[in-house]
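Observations on chain architecture
Each chain, letter by letter, is given below.
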Amino acid sequence: MSSLIKPGELFPFCCKRPSLLFTKLHKRMGYFFDDGFACPESFAVYHKSWGIRMKVSEIGEFGLIERLRQHLQEPDPRVVVGMGDDVAVLEGPGEMLLLATCDIQVEGVHFLPRLITPYQLGRKALAINLSDIAAMGGIPDFALISLAFPSDTEVKFMDELYRGLKDEADEAGAKIVGGNMARLPERLAIDVFLLGRVERGKALLRSGARPGDLIVVTGHLGDSAAGLSLLLKEVREDRFAPLYKAHLTPKARLREGRILALKGLATAAIDVSDGLAQDLGHICDESKVGVRIWAERIPLSPQAREAAALLGENPLKWALAGGEDYQLLFTTPPKRADDISEALSPTKVSIIGEVVGQSQGRVIIFPDGTERELKPEGWDHFG
Ligand SMILES: [Mg+2]
């Protein structure tokens, strides 16, 4: 008797002409569903939302997340922030709130073994999870590692992977406390589950940006995508070392996240994992605001510009849609903006735009005055 069961899920064969079969069956099958299944209006609703034989690629990663979110909407007093932020924020046993996150890396999708060593992969798998804790202003504590891999994987590979995981955890003050493993033919998948904590009332959420706030980002954007582009084209030159490093062993901005949280300097925050356009879009969605960003203020490193010139690419595109930069992107009231570079020093910070009302949309302004819609063209895992 659950409304989660849709007619098409029970009758996949009827998807081509659902209405015909529906008219015959709806009265008999109505008892499977919650109220109103038998009336024409609700049929239209169910018809549209069946999703039967719809491929995940048709709705994309974020369409799928939104769909799954509908299954998990019941409020629970133990859940402070559920789906929709960098991590789940949960009531803890003491004064602190618990932070929980997980992120998977799949061979051939997120990494290519010919481009990354197992040691680097271990570091990166943990770092991308640490980055989500950083985006909340939290402290990482404990990690569990789930691994799936072919049975002919070399033991040495696993040793190196774990050496990388441990070094990254040690640097962040976190501890790996267990996990599990399974056999998977042909490829490796590594999923890290990470627990952390943050003081009550201090978590940096995506939902706090207000019109008038300034938009700030740490470090450079686009370096990781530049590094990947070079590696894919087998360009390995010393001058591009920071770009390879940004892609292969990114660093979570844990220190910066803690400072922002404890000093109350940010109204909203996220880590840039899917590209500036996509991740700023998440702040807009959750805060119900619009944004105006200035293209020439987006921090591109000299190395990324050089790499773009060499490869005939546009470095701005790497910044907007490349992803995997793991910088912190946050909003701050203008009166706090001066405090930020001092508070986060020596980390570079750049003010790249301002928050506006939701009705003003999401806009990027180019130096010649042209304005374009800031489209979320970052990394969609299924699109
Ligand atoms: Mg994130």
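Parameters and conventions
- Residues numbered from 1 in each chain as written.
- Predicted model: local features only at pLDDT ≥ 70, side-chain atom pairs only at ≥ 80, totals over all residues.
- Helix = DSSP H or I, 4+ residues; strand = E, 2+ residues; numbered from the N terminus.
- Pairing = 2+ DSSP bridges.
- Axes fitted to C-alpha atoms, helices over the stretch in contact; angles between N-to-C directions.
- Parallel < 35°, antiparallel > 145°, perpendicular 65-115°, else oblique.
- Left-handed = near helix turned anticlockwise from the far one by under 90°.
- Contact = placed C-beta atoms within 7 Å.
- Nonpolar A, V, L, I, M, F, W, Y, C, P; charged D, E, K, R; others polar.
- Right-handed = clockwise from strand over helix to strand, strands pointing away.
- pLDDT = per-residue confidence, 0-100.
- Buried ≥ 20, exposed ≤ 12 C-beta atoms within 10 Å, placed from the backbone.

As for its placement among the helices and strands, Asp285 is situated in helix α10 (residues 276–287). The spacing of Asp285 and Ser207 is 78 residues in sequence and 8.0 Å in space, taken between C-alpha atoms.

Okay, the sheet that holds strand β3 (residues 96–106) next. Read across the sheet, 6 strands follow the order β1-β2-β3-β6-β4-β5 without closing on themselves; strand pairing throughout is mixed. Looking at the sheet topology across the chains shown, the edges are occupied by β1 (79–81) and β5 (175–183). In this sheet, adjacent strand axes meet at a mean angle of 25° when their direction is disregarded. Pairing geometry for β1 and strand β2 (residues 88–91), over 2 bridges, is antiparallel. Bridged to Val81 within β2 is Val89.

With that out of the way, let us pick up the packing of helix α7 (residues 223–232) against helix α11 (residues 302–311). At their nearest, the axes of α7 and α11 sit 10 Å apart, and the two run at 40° to each other. Considering their axes alone, α7 and α11 lie oblique with respect to each other. The hand of the α7/α11 crossing is left-handed. From α7, Asp223, Ala226, Ser229 and Leu230 reach across to α11, where they touch Ala304, Ala307, Ala308 and Leu311. Tallied by class, the residues present in the contact of α7 with α11 amount to 6 nonpolar, 1 polar and 1 charged.

Another aspect to go through is the pairing of strand β4 (residues 139–149). Along any regular strand the residues' side chains alternate between the sheet's two faces. Taken together, the 9 bridges between β4 and strand β6 (residues 189–199) define a ladder with antiparallel strand orientation. Bridging from a neighbouring strand, Ile139 pairs with Arg197 of β6. Pairing analysis gives 8 bridges linking β4 to β5, with the strands arranged parallel. Residue Phe149 lies in a different strand from β5, and its bridge partner there is Arg183. Between the parallel pair β4 and β5, the chain is carried across by helix α6 (residues 155–172), and the sense of this crossover is right-handed.

Another point: the confidence of the model for the chain. Caution is warranted with low-pLDDT regions, since their predicted coordinates should not be read in detail. Overall, the predicted model of the chain reaches an average pLDDT of 86, with 85% of residues at or above 70. Segment residues 1–48 is flagged for pLDDT under 50; beyond a separation of four residues in sequence, or across chains, it makes 37 contacts in the model.

Quick look at the environment of Leu115 now. Among the structural elements, Leu115 can be located in the loop between β3 and α5 (118–134). With 16 C-beta atoms packed within 10 Å, Leu115 lands in the partly exposed category.

This next bit is on the sheet that holds strand β13 (residues 371–373). By way of backbone hydrogen bonds, the strands of a sheet pair with one another, either parallel or antiparallel. Strand order in the open sheet formed by 7 strands is β8-β10-β7-β11-β9-β12-β13, and the pairing between neighbours is mixed. The two strands at the open ends of the sheet, each matched to only one other strand, are β8 (268–271) and β13. Pairs of neighbouring strands in the sheet enclose a mean axial angle of 25°, with direction left out of account. Across the sheet, helix α13 (residues 337–344) is in contact with β7 (214–218), β10 (328–332) and β11 (349–357); its angle to β11 comes to roughly 145°.

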